[in-house]
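Overview (structure and organization)
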Amino acid sequence: MFFEPDDEEEFAAACEQLARRVADWGCTQGGGEADPIVVESALEYRHRGTADGRLGLWQARHVEEFLLDWLPRTLTRLPGEPLVDAPRGLRALLRCMDAMGLADPRGDVLDVVERAIDAAAGEFEAAMADRTRWGLAKFWATTAAEQGVDVRDQAAMMRFTERVRRDEVPYDRDALDVIMARHRRTGPPGSERAEPQLPVVLPGEDGLRAQAAEVPLLRQLTGLAGWAGPEGRQLTKTGRLLIADARELVATLETGDRPGSPRTSAELPRLNLIFEWAKKARLIRVAKGRVYAVAKARPLLADPLALWQRAFETVFELREPLLGDVDGYRRTSLLYDVYEDVLPDVLNTFYSLPYPIPWPRLRDSVHLAYRMSFDLTQGTAAQQRGWLLSADHDLRHVLDVLERLGAISREQGMADPAFLALPSPETTLGPAPQLPAGMPPEFAELLGGLPSAPDPQADASAKRLRSELADRPVELIRLTDLGTHAVRQRLLAEGRSAPLVGELAHAPAAGLLGVLAEHYDPDSARAELAAWTTAHGGCETAHGQLLQAVRQAPFRTRAAALLDTLATALPGGDGEKLLGSLRADPELAPTALSVLTACDILAPDELTEAEAHLMVAESLLQLLETNGEDAFLDAVLSGGRSQAEDVIRAALTSGHPDHIGLEQLRRFAQGPLRAKSAQLGRLNAARARGRTKPKGRRRR
């Protein structure tokens, strides 16, 4: 389950529906009704408080953060009110989602998250009472209530606020200081949503390990650690390699440093980088003027893939060795100051892109990042060009190192036409443009900013960029398999969605279709479905399980999305054939008809009378799920009460298989629909009386 940040109405309706289902499920399972506040708070946390927004994906870390951070910050308990049983409510939600096939299979299994609930439950009450964990709104609301203020009375709260401004209100100043410090550091509860990445295809772990073993840089790091050994080697007083040892290592490790007569190892940049890299990667250590191999690193040195991953992560700590002092001269490159921010953005930009990025496009996009970080207008035009050229030089140096590591590959070639269609970064200082299919969100972020007025100079720059991309071969950059694997690990660690084709091969059928529907493009979905089908006994057996998952989907809109995804992912015309065959299925016919008509495969006038009634019922049930009760009533009453009653009557007599949904429609027809239509009738009558009120005699 996944909603975009702007899908507020749809998300609210889904919360309402799911909270009701959890309550019903809890009663039927003998677990009692879960507090809907807890259920909706948990969904709110995953929607607004995490980077990925996947409502059905829960890991142990999510459980801990929700119970011990999110709720203490956001859920206000006024004096005298009982403490909500949040662990019980969260357990009911996760059990219900697991039973209904709503759990994302990429999360932790139910046993793991339940153990996390048990672990956090013992700390929950203390966390809720700890004022330093509260949010600002909760702190002041509780403080007001403790002093007898009715927090639901707006006027009373305004008077309380004025008293606070006059410093007439006693409150816990130490707790507020902690709250304010956190608020300034992290902002209000919630995370900026990160768009999900496209699925990627990677070789297995053994294949990646074999690729890592071929990277010369790993042999250099391993060789340096072996040279240092457990006995250690003497260093200079400044902590550098002795010049004789340095010359020996240049030859032994084949660093590629130019031969000559260096005075210090600092004049051998490649060897010096390997030395600093090995220290940062904790392969060697310096103590009392000697360098030693780290004993605990021996297992790492024996595993090429683990060593490669450590070396890659260390790149983000190499700002000083890469961009810092050169012969005692401190560089002032723009990249030096924003290295830790720009490098991850650049690598994320490469990730999952179906074609390599041309250097001119990357260069100009990073220039925009510099302009957003620094006020370059303080310099002359010549100075600005110099600053950017220096930063370009440093960025290319970083790319050289990433290429030596085997994280990226570079070649000469023509830029993909998709890059010609994108606006130039120089002319796009505003919301991210509409990108071609397959373009990762980081590229949009590098093109973001504020709208700008037409700028002839920027237009000329855009023309030069397009000419540079279209007229001749340029340097093209892409991630290797190893680079893609490493960046994916970083994305996952940040809580972002980064699908890998093949990772769902053993997922439940409902979980598979749910993930494909929400996060996979059609080509990747077909590849994932093919792998899943092979792992589940071939087409006949696998398709039976997938259709059963659609039958058991708890919501009409989800069932339609799952069936549409299945039909789209089947090869050739098999999907359309499958949908056509389901028109006679007593359980799946309404869902199949919904998908067929939505895809314009089946026209409304091609429906039989019975199918038309099924479609009426299906449309009403999906409308109720998507829009919520109030919007549903407004929609069905838009044509008048008589028409609304006829439509609902047709749905109730359609034979639709969703008996729970039909019962809900019946309750609406007998209660809220009549009340709403009566209210509208009285309002219309009052308006009519106002229009027909006789006018008084006009005086002569």
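Predicted model only: the values in this text are computed from it and were never measured.

Before going further, it helps to spend a moment on the overall build of the chain. Looking only at helices and strands, the chain features 32 helices and six strands. Within the span of the chain, comprising 700 residues, buried residues form 47% of the whole.

This next bit is on the nonpolar core. Grouped together as the largest cluster of nonpolar side chains are 85 residues, with contacts concentrated most on Trp277, Trp308 and Phe350. Looking at this core, the element that brings in the most residues is helix H16 (residues 334-350), giving 10 residues. Setting aside chain neighbours within four positions, we find phenylalanine 350 in contact with Ile357, Leu362, Leu399, Ile408, Ile477 and Leu479. The next biggest cluster of nonpolar side chains, apart from the first, holds 41 residues, and it includes Cys15, Val84, Ala86 and Ala92.

We now examine the pattern of salt bridges. This structure, assessed with the given rule, holds 39 salt bridges. Between arginine 490 and glutamate 313 there is a salt bridge, with the nearest N and O atoms lying 2.7 Å from each other. You can see arginine 490 sitting in helix H22 (residues 481-493) and its partner glutamate 313 sitting in helix H14 (residues 304-314), a full 177 residues away along the chain. One salt bridge in this structure joins glutamate 618 and arginine 556, with 3.1 Å as the shortest N-O distance. In this pair, glutamate 618 is assigned in helix H29 (residues 609-636) and arginine 556 in helix H26 (residues 556-569), connecting sequence segments 62 residues apart. Here glutamate 618 and arginine 556 have matching classes, each one buried. Taken together, the shared-partner salt bridges in this structure form one network comprising Arg396, Asp400, Glu403, Arg410 and Glu475.

Time to look at the sheet that holds strand E2 (residues 284-287). Across the sheet, three strands lie side by side as E1-E3-E2; this open sheet has antiparallel pairing. Whereas interior strands pair on both sides, the edge strands pair on one side only; in this sheet they are strand E1 (233-234) and E2. Pairing between E2 and strand E3 (residues 290-293): four bridges, direction antiparallel. Bridged to arginine 285 within E3 is tyrosine 292.

This next bit is on helix H8 (residues 173-186). If you check H8, its first and last C-alpha atoms are 20 Å apart, about what 14 residues at 1.5 Å a residue would give, namely 20 Å. Of all the residues in H8, the buried ones are Ala175, Leu176, Ile179 and Arg182. In a view along the axis of H8, the buried residues occupy a sector of 130°, so they form one face of it. Opposite its buried face, H8 presents the exposed residues Asp174, Arg184 and Arg185, each directed more than 90 degrees away. Residues of H8 that are buried sit in contact with helix H3 (60-74) and helix H6 (136-146). For H8, the N-terminal cap is aspartate 172; the gap from its side-chain oxygen to the backbone nitrogen of aspartate 174 is 3.3 Å. A positive backbone phi angle near 80° is found at glycine 187, which sits one or two residues after H8.

All right, on to unusual backbone geometry then. Look at arginine 282: it is not a glycine, yet its phi comes out positive at around 60°. Along the polypeptide, arginine 282 turns up in the loop between helix H12 (269-280) and E2. Positive phi, close to 65°, is recorded for serine 352, a residue that is not glycine. Here serine 352 shows up in the loop between H16 and strand E4 (357-358).

Within the secondary structure, glutamate 475 is located in strand E6 (residues 474-479). Beyond its immediate chain neighbours, meaning those up to four positions away, glutamate 475 contacts Ile357, Pro358, Trp359, Arg396, Arg410, Glu411 and Gln412.

Here we take up the sheet that holds E6. Pairing in this open sheet of three strands is antiparallel, and the strands run E4-E6-E5 from one edge to the other. Only two strands of the sheet have a single neighbouring strand rather than two, namely E4 and strand E5 (408-413). Relative to E6, E4 is paired through two bridges, and the arrangement is antiparallel. Note on E6: the bridge partner recorded for proline 358 is leucine 476. Where H16 meets the sheet, it contacts E4, E5 and E6, and its direction lies at approximately 90° from that of E6.

On to the packing of aromatic side chains. Per the stated rule, a full pass over the model turns up 12 aromatic pairs. Geometrically, the ring pair formed by tryptophan 58 and phenylalanine 66 is edge-to-face, given 6.1 Å between the ring centres and 85° between the ring planes. Classification of tryptophan 58 by relative accessible area gives buried; the value is 3%. Overall, the relative accessible area of 0% leaves phenylalanine 66 in the buried class. Relative to phenylalanine 160, the ring of tryptophan 140 has its centre 6.4 Å away and its plane inclined at 65°; by these criteria the two rings are edge-to-face. With tryptophan 140 in helix H6 and phenylalanine 160 in helix H7 (residues 154-165), this pair connects stretches of sequence that are 20 residues apart. A residue is classified by how much of its surface remains accessible, and phenylalanine 160, at 3% relative accessible area, is buried. Taken together, Tyr45, Trp58, Phe66 and Trp70 form an aromatic cluster joined through their ring pairs.

Quick look at the packing of helix H4 (residues 86-99) against helix H5 (residues 110-129) now. Two measures define how a pair of helices packs: the angle their axes make with one another and the distance between the axes. As a packed pair, H4 and H5 sit with axes 9 Å apart at the nearest point and diverge in direction by 170°. The orientation of H4 relative to H5 falls into the category roughly antiparallel. On the side of H4, the interface is formed by Ala86, Pro87, Leu90, Arg91, Leu94, Arg95 and Asp98, while H5 contributes Leu110, Val113, Glu114, Ile117, Asp118, Ala121 and Phe124. Grouping the constituent residues of the contact of H4 with H5 by class yields nine nonpolar, no polar and five charged.

For H4, built from 14 residues, the straight-helix expectation of 20 Å at 1.5 Å per residue is met to within 8% by its first-to-last C-alpha distance of 20 Å. Across the 14 residues of H4, 10 count as buried, placing the element largely inside the fold. Where the residues of H4 are buried, they touch helix H1 (8-28), helix H2 (36-48), H3 and H5. Put simply, aspartate 85 is the residue that caps the front of H4, since its side-chain oxygen is 3.2 Å from the backbone nitrogen of arginine 88. Where H4 ends, the next residue or the one after it, glycine 101, has phi of about 75°, a positive value.

Our focus in this paragraph is the packing of H16 against helix H17 (residues 359-373). One way to put it is that H16 packs onto H17 with a least axis distance of 11 Å and a crossing angle of 135°. By the angle between their directions, the pair H16 and H17 is classed as oblique. Relative to H17, the crossing made by H16 is right-handed. In this structure, H16 contributes Leu334, Leu335, Val338, Val342, Val346 and Phe350 to the contact, and H17 contributes Leu362, Val366, Tyr370 and Ser373. When grouped by side-chain class, the residues that make up the contact of H16 with H17 number nine nonpolar, one polar and no charged.

To continue, consider the confidence of the model for the chain. Of the residues in the chain, 89% have a pLDDT of 70 or more, and the chain-wide mean is 86. Highest mean pLDDT in the chain belongs to H14 (97); lowest belongs to helix H20 (residues 441-446) (44). For residues 678-689, every residue scores under 50 in pLDDT, and the model assigns this stretch one contact once sequence neighbours within four places are set aside. Taken as a whole, residues 691-700 scores under 50 in pLDDT and shows zero contacts with residues more than four places along the chain or in a different chain.

Moving on, we come to the environment of proline 269. Locating proline 269 in the fold gives a position in helix H12. For proline 269, a relative accessible area of 53% translates into the label exposed. Each C-alpha atom, one on proline 269 and one on threonine 255, is 9.2 Å from the other, the two residues being 14 residues apart in sequence.

About the criteria used
Residues numbered from 1 in each chain as written. Predicted model: local features only at pLDDT ≥ 70, side-chain atom pairs only at ≥ 80, totals over all residues. Heavy atoms only, no water. Helix = DSSP H or I, 4+ residues; strand = E, 2+ residues; numbered from the N terminus. Buried < 20%, exposed > 50% of the residue type's maximum accessible area, 1.4 Å probe, protein only. Core = buried A, V, L, I, M, F, W, Y, C linked by side-chain atoms within 4.5 Å. Contact = heavy atoms within 4.5 Å. Salt bridge = Lys/Arg side-chain N within 4 Å of Asp/Glu carboxyl O. Pairing = 2+ DSSP bridges. Expected span 1.5 Å × (residues − 1). Arc of directions from axis to C-beta. Polar contact = N/O pair within 3.5 Å; in protein donor to acceptor, adjacent residues only side chain to side chain. Axes fitted to C-alpha atoms, helices over the stretch in contact; angles between N-to-C directions. Phe/Tyr/Trp six-rings, centres within 6.5 Å; stacked < 30°, edge-to-face > 60°. Parallel < 35°, antiparallel > 145°, perpendicular 65-115°, else oblique. Nonpolar A, V, L, I, M, F, W, Y, C, P; charged D, E, K, R; others polar. Left-handed = near helix turned anticlockwise from the far one by under 90°. pLDDT = per-residue confidence, 0-100.

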